[in-house]
Amino acid sequence: MKIFVKDKLNLAETEVEIRCGERDAEVEGIIESIRSLEENLMGEMENGDKIPVIISKVLYFEAVDRNVFAYTTSNYYRVRRPLYDLEEELVKRHFVRISKAVIVNLRAVKKVSPEDGRRLKLLLRNGEWVIVSRNYVNDFKRGIGMKEA
């Protein structure tokens, strides 16, 4: 596969052209990945303002006291959806559950370190650490391709 990027300053929005000999599973995966970059969900700020949150910008989702929050590098938003519902939708977008209360964006992980008790520590791109509980270590390893599904 070859990738070409051309900068054009007069474009109103980014355009993507895919040239292929056959529209196979690889091409469909590329199309789905590109489309998922701009998908969003409605988040609520602390002051009550509602704002669309681009899913690919979310580092992780966390359930706290019957509320679910989406954390980005610069902010957090309350999401009015249960964690299990988000997990079902986000598994195909490089998110994986790492504990009872947290779903992490695998593309936001910069470093993986061992932790006591067969757990793992993940350094995210915002400098924050999150813990993979031992019950979810295998799910995380499958998510990053270290274990077969």
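Residues numbered from 1 in each chain as written. Predicted model: local features only at pLDDT ≥ 70, side-chain atom pairs only at ≥ 80, totals over all residues. Heavy atoms only, no water.

K.L.:
Run through the sheet that holds strand E3 (residues 60–64), naming residues and quoting values.
P.N.:
Within a sheet, each strand pairs with its neighbour through backbone hydrogen bonds, oriented either parallel or antiparallel. Overall, antiparallel pairing links the seven strands, which are arranged E2-E1-E5-E4-E3-E7-E6 in an open sheet. In this open sheet, the two strands that pair with only one neighbour each are strand E2 (50–54) and strand E6 (95–97). Each strand of the sheet is rotated relative to its neighbour by a mean of 35 degrees, with strand direction disregarded. (Pairing = 2+ DSSP bridges. Helix = DSSP H or I, 4+ residues; strand = E, 2+ residues; numbered from the N terminus. Axes fitted to C-alpha atoms, helices over the stretch in contact; angles between N-to-C directions.)

K.L.:
Can you break down the pairing of strand E1 (residues 40–44) residue by residue, with the values?
P.N.:
Of the pairings in the sheet, the one linking E1 to E2 comprises five bridges and is antiparallel in character. Considered in E2, the bridge of Met42 is made with Pro52. Counting the residues between successive antiparallel strands, the hairpin from E1 to E2 contains five residues, one of them, Gly48, with a positive phi of roughly 100 degrees. By the bridge criterion, two bridges tie E1 to strand E5 (residues 76–79) in an arrangement that is antiparallel.

K.L.:
Let's hear about helix H2 (residues 83–90): which residues, and what values?
P.N.:
Three or more residues of H2 are buried, namely Leu83, Leu86 and Leu90. Down the axis, H2 shows its buried residues gathered within 60 degrees of arc, on one side only. Facing away from the buried surface of H2 by more than 90 degrees, the exposed residues are Tyr84 and Glu88. Taken together, the buried residues of H2 touch E1, E3, strand E4 (67–71), E5, E6 and strand E7 (102–105). (Buried < 20%, exposed > 50% of the residue type's maximum accessible area, 1.4 Å probe, protein only. Arc of directions from axis to C-beta. Contact = heavy atoms within 4.5 Å.)

K.L.:
Which residues make up unusual backbone geometry, and what are the values?
P.N.:
Phi angles above zero are rare outside glycine, and Arg66 is one such case at about 65 degrees. Within the secondary structure layout, Arg66 lies in the loop between E3 and E4. Its identity is not glycine, yet Arg118 carries a phi of approximately 60 degrees, on the positive side. With respect to the helices and strands, the residue Arg118 is situated in the loop between strand E8 (109–115) and strand E9 (119–124).

K.L.:
Run through the nonpolar core, naming residues and quoting values.
P.N.:
By size, the foremost hydrophobic cluster in this structure holds 18 residues, and its most contacted members are Tyr60, Ile98, Val104, Leu122, Val132 and Phe140. The set of elements that each furnish at least two residues to this core consists of E4, E7, E9, strand E10 (129–132) and helix H3 (137–143). Here this core gets three residues from one element, more than from any other, and that element is E9. What Tyr60 contacts, discounting residues up to four positions off in sequence, is Phe69, Ala70, Tyr71, Val102, Ile103, Val104, Leu124, Glu128 and Val130. Grouped together as the second largest cluster of nonpolar side chains are 14 residues, Val79, Leu90, Phe95 and Ile103 included. (Core = buried A, V, L, I, M, F, W, Y, C linked by side-chain atoms within 4.5 Å.)

K.L.:
Which residues make up the sheet that holds E10, and what values do they have?
P.N.:
Strand order in this open sheet of three strands is E8-E9-E10, and the pairing throughout is antiparallel. Every other strand in the sheet has two partners, leaving E8 and E10 as the edge strands with one partner each. Pairwise comparison of adjacent strand axes, ignoring direction, gives a mean angle of 25 degrees for this sheet. Strand direction decides the pairing type here: E8 and E9, joined by six bridges, are antiparallel.

K.L.:
Any details on the packing of aromatic side chains? Residues and values, ideally.
P.N.:
The final tally for this structure, using the stated rule, is five aromatic pairs. On the basis of an interplanar angle of 15 degrees and a centroid distance of 4.6 Å, the ring pair of Tyr60 and Tyr71 is categorised as stacked. Taken together, the residues Tyr60 in strand E3 and Tyr71 in strand E4 connect sequence positions 11 residues apart. Of the two residues, Tyr60 and Tyr71, both sit in the buried class. Seen in terms of ring centroids, Phe69 and Tyr76 are 6.0 Å apart; in terms of plane orientation they differ by 70 degrees. Their pairing is edge-to-face. Under the relative-accessibility criterion, Phe69 is labelled buried at 16%. An aromatic cluster is present here, built from Tyr60, Phe69, Tyr71 and Tyr76 joined pairwise through their rings. Sitting over the face of the ring of Trp129, Lys121 holds its NZ or CZ atom 4.6 Å from the ring centroid. (Phe/Tyr/Trp six-rings, centres within 6.5 Å; stacked < 30°, edge-to-face > 60°. Lys NZ or Arg CZ within 6 Å of the ring centre and 35° of its normal.)

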